[in-house]
Amino acid sequence: MMKKFLVLIVAALTLCGCSQEAASGNTNSTASGESENSTTATQSVVKTSSKDTSDDDSKSDEQRVSFCAVGDNLIHETIYKEADGYSGEDGDGKYDFTSFYSEIKSDIESYDLAFVNQETIVGGYDLGLSGYPLFNSPFEVAEALKDTGFDMVNLATNHALDVGQEGIDNAVSIFDELNLCHDGIYSSEDEQNAVSIIERNGIKFSLVSFTESTNGLTAPNSYSVSTFDDDEYIKQKIQNAKAVSDVVVVSAHWGEENSFETDDFQTYYAQYLADCGADIIVGTHPHVIQPVEWIEASDGRQVLCAYSLGNFLGGMLLDDNSLSGLLSLDVVKSSEGIKIENVHWTPLVIHFEGNQSNIESERYGYKIYKLSDYTDELAGKHVLNGYNGNSISIEDFESQTQSVIAAEFLS
């Protein structure tokens, strides 16, 4: 397994200025260099978490990377208990989560780069596993994400502090060990100041993460978790990433839970993140889907913002929480700069069955499906169908998707 390594990047490093192109439809241009008001620190530390998969075709004028993002990987107690049954003996501390992702794995693997939000802290078995409200998930969750094909993981969530600094340290360690690009929680100030970079096909992507809330828990250290509390910190973190990468992906954990509409906080920070240099903004936390739109940054770039992708995996008890989305796009790098093309939203469904009379404890059979692969037969078996007025149907999920996501991203 390839070890993470640190490389010092001196401020004198200069980036080539790239021209911006006007675009229409789902194609937009973004400059790959710094903005004029950049205040990049004297030096940035780069965490390289994956080898370059480029074919080293330096003669080609164009490099292309396919990218996808999904929402909250929310490990409720019923999920990890089911995973316990798939590995060894019950209660032996061994877990296997891979079956939950089996129906979507080939889709995730088809992209050059795949992002997921790890909602619950992966602190490991030894700290004591737990579900709502203070979560702690086993290391096998991270292993299953890698097995499914994910490369880039947000760890800055409202549950980041649920088991304190020890949980953070353990989570950072396992994602480092698995060689996955991650950001949002840290074991030291040096880690917080580092830039997480992953390279695909000659294009360098950086991940920068922030969370709006930690559920009222106080961070044990100033560096423990990356939040939206300080605008200057946000600006500096993004500009440091911009200085050493072609594309800045910002993970924004924000918004009101169970609301299909964005709030003022999201609207303000979406624009601010774009103005600071974000190229792609991936929103998570509301547990339901929210709109996708292009935002014009102060320097004229068009920045893609998906406000919420919904729950990727989870066992919440509202039908709305079982609908999510896979955002996909192509990033194209050429002599003209960086362009984002072919933006598309693919609806996803979390399926699970159970016993409605004891639904808190008896939920099982978790699977993630593309809505296009979901069936009426499966919908009829969903434990939420008919529970407390919930309705699980393909037609309802299609209608809800069309009411939230603009038609240009669904065609």
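Residues numbered from 1 in each chain as written. Predicted model: local features only at pLDDT ≥ 70, side-chain atom pairs only at ≥ 80, totals over all residues. Heavy atoms only, no water.

Listed in full, the buried residues belonging to helix α9 (residues 394–404) are Ile394, Phe397, Thr401 and Val404. Viewed end-on, α9 has its buried residues packed into an arc of 105°, placing them on one side of the element. Every exposed residue of α9 that faces more than 90 degrees away from the buried side is listed here: Gln402 and Ser403. Where the residues of α9 are buried, they touch β15 (323–334), β16 (337–354) and α8 (376–381). (Buried < 20%, exposed > 50% of the residue type's maximum accessible area, 1.4 Å probe, protein only. Helix = DSSP H or I, 4+ residues; strand = E, 2+ residues; numbered from the N terminus. Arc of directions from axis to C-beta. Contact = heavy atoms within 4.5 Å.)

Turning our attention to the pattern of salt bridges. One pass over the full model with this rule turns up 15 salt bridges. The partner of Asp183 in a salt bridge is Lys237, with the nearest N and O atoms 3.8 Å apart. Of this pair, Asp183 sits in strand β7 (residues 181–183) while Lys237 sits in helix α6 (residues 231–244), placing them 54 residues apart in sequence. Accessibility expressed as a relative area gives 1% for Asp183, which makes it buried. For Lys237, a relative accessible area of 9% gives the class buried. For the salt bridge of Arg301 with Asp279, the shortest nitrogen-to-oxygen distance reads 3.2 Å. (Salt bridge = Lys/Arg side-chain N within 4 Å of Asp/Glu carboxyl O.)

Mapping Phe139 onto the fold places it in the loop between β5 (113–118) and α3 (140–148). Sequence-wise, Phe139 and Gly123 are 16 residues apart; in three dimensions their C-alpha atoms are separated by 7.0 Å. Excluding anything up to four places from it in sequence, Phe139 contacts Val122, Gly123, Gly124, Asn170 and Ile174.

Turning our eyes to something else, we now look at the packing of aromatic side chains. Under the counting rule described, the total for this entry stands at 21 aromatic pairs. Centroid distance Phe210 to Phe228: 5.5 Å. Interplanar angle 45°. Geometry classified as tilted. Here Phe210 is found in strand β9 (residues 203–211), whereas its partner Phe228 is found in the loop between β9 and α6, with 18 residues between them in sequence. Residues Phe210 and Phe228 agree in their burial class; the two are buried. Note on Tyr269 and Tyr272: the rings are 6.1 Å apart at their centroids and 90° apart in plane angle, and the pair reads as edge-to-face. Linking Tyr269 with Tyr272, this pair stays in helix α7 (residues 264–276), spanning three residues, or about one helical turn. (Phe/Tyr/Trp six-rings, centres within 6.5 Å; stacked < 30°, edge-to-face > 60°.)

For a regular strand, side-chain orientation follows a simple rule: the groups alternate between the two sheet faces. Among the seven residues of strand β8 (residues 194–200), seven are classified as buried, and the element is accordingly described as predominantly covered. Here β8 runs beside β9; their pairing, made up of five bridges, is antiparallel. Residue Ile197 lies in a different strand from β9, and its bridge partner there is Ser206. Taking the residues between adjacent antiparallel strands as the criterion, β8 and β9 are bridged by two residues, where Asn201 takes a positive phi near 50°. (Pairing = 2+ DSSP bridges.)

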